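# Report on the structure
The lines below spell out each chain.
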Amino acid sequence: LVIVASIAVSFAPKPDGIDLRGMFLLLFLIPIGFSVFFLSSLESLVTGAAVFIAGVYSICQPQIMAKSYYAWSAGKGFFSYIGYVLQPLFNTGLIWELILFVIAAYWLGLLSEKIKAQASFSSKANESVFQAEQEKVRCVYLQKKYDEDVNRLSSLIIALSDLAKEIPSVLEVKGLFGLVLDKTAKLFSAANCAIFSVDNATNSLTYICSTGYDHAMLESLKLTADAVSGLPGWCAKN
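Residues numbered from 1 in each chain as written. Predicted model: local features only at pLDDT ≥ 70, side-chain atom pairs only at ≥ 80, totals over all residues. Heavy atoms only, no water.

## What about the side chain of Ser210?
- Here Ser210 lies in strand E2 (residues 204-211).
- On the accessibility criterion, Ser210 (9% relative accessible area) is buried.
- In terms of polar contacts, Ser210 uses its side chain to reach the side chain of Tyr207, at 2.7 Å.
- Setting aside chain neighbours within four positions, we find Ser210 in contact with Leu181, Cys193, Ala194, His215 and Leu218. (Helix = DSSP H or I, 4+ residues; strand = E, 2+ residues; numbered from the N terminus. Buried < 20%, exposed > 50% of the residue type's maximum accessible area, 1.4 Å probe, protein only. Polar contact = N/O pair within 3.5 Å; in protein donor to acceptor, adjacent residues only side chain to side chain. Contact = heavy atoms within 4.5 Å.)

## Points about the sheet that holds strand E3 (residues 223-224)
- Pairing is antiparallel across the open sheet formed by three strands, whose spatial order is E1-E2-E3. Since the sheet does not close on itself, it has two edges, and those belong to strand E1 (193-199) and E3, each with one partner.
- Where E1 and E2 come together, seven bridges link them in antiparallel fashion. By the bridge assignment for E2, Val198 is matched with Leu205. (Pairing = 2+ DSSP bridges.)

## Some words on the pattern of salt bridges
- Within this structure, the stated rule accounts for three salt bridges.
- We note a salt bridge from Arg138 to Glu135, for which the minimum N-O separation is 2.8 Å. With Arg138 and Glu135 both in helix H6 (residues 94-166), this residue pair falls three residues apart, about one helical turn.
- For Arg138, a relative accessible area of 44% puts it in the partly exposed group. (Salt bridge = Lys/Arg side-chain N within 4 Å of Asp/Glu carboxyl O.)

## Some words on the pairing of E2
- The turn joining E1 and E2, which pair antiparallel and follow one another in sequence, is formed by four residues; a positive phi near 55° is taken by Asn203.
- Of the strand pairs in this sheet, E2 and E3 are connected by two bridges, and their pairing is antiparallel. When the bridges of E3 are listed, Ser204 appears paired with Thr224.

As far as function goes, none of this settles anything; it's purely spatial.
Structural data, given as structure tokens:
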């Protein structure tokens, strides 16, 4: 507003001089445009009124400087002096432009509030959609995970049920280990599987049976029930 008033004061508008309405149009659009992005309707109205007052003063100030109220003839009266001061406004038509700017400021402030409200609503809606999509992805993942868990549990139940039915028909311990080995490999879809017995007294492992391995190689191993013996030792220990 100070910049607008300072520039306007340096150009005294005259009825027979340069038409300054284009300059005022440009200068007044600066605060009006500012109000659209940052101010509410009420604040924009106050800004427009301030621009109006600054504009009126800047245009009429040369008239006041040329002839003060005290130098004006007392017989002409106060209102006559006001008419003299405001004469440049009406002669150049700037008064209507200033009034239009005040109205435009308030209208643009209302438009700004509406745009901000819509933007806020749109932002919240987009956030809700994003959260819904994230929740959908999470639900699909959990459903897939639980389906896999249910399938594994079902397979385990079936395997244990079959094992429970077949165990009574097995008369030898070696055959029992073979049955357990076969069901375990099928249950976990394992290509290799082996069973060792643990001798707590010597802390050693004894090979019993296997599938997918070289039997002679496993029988020749000297394993202990600790991590030194690799995976079988770790299993025995833990």
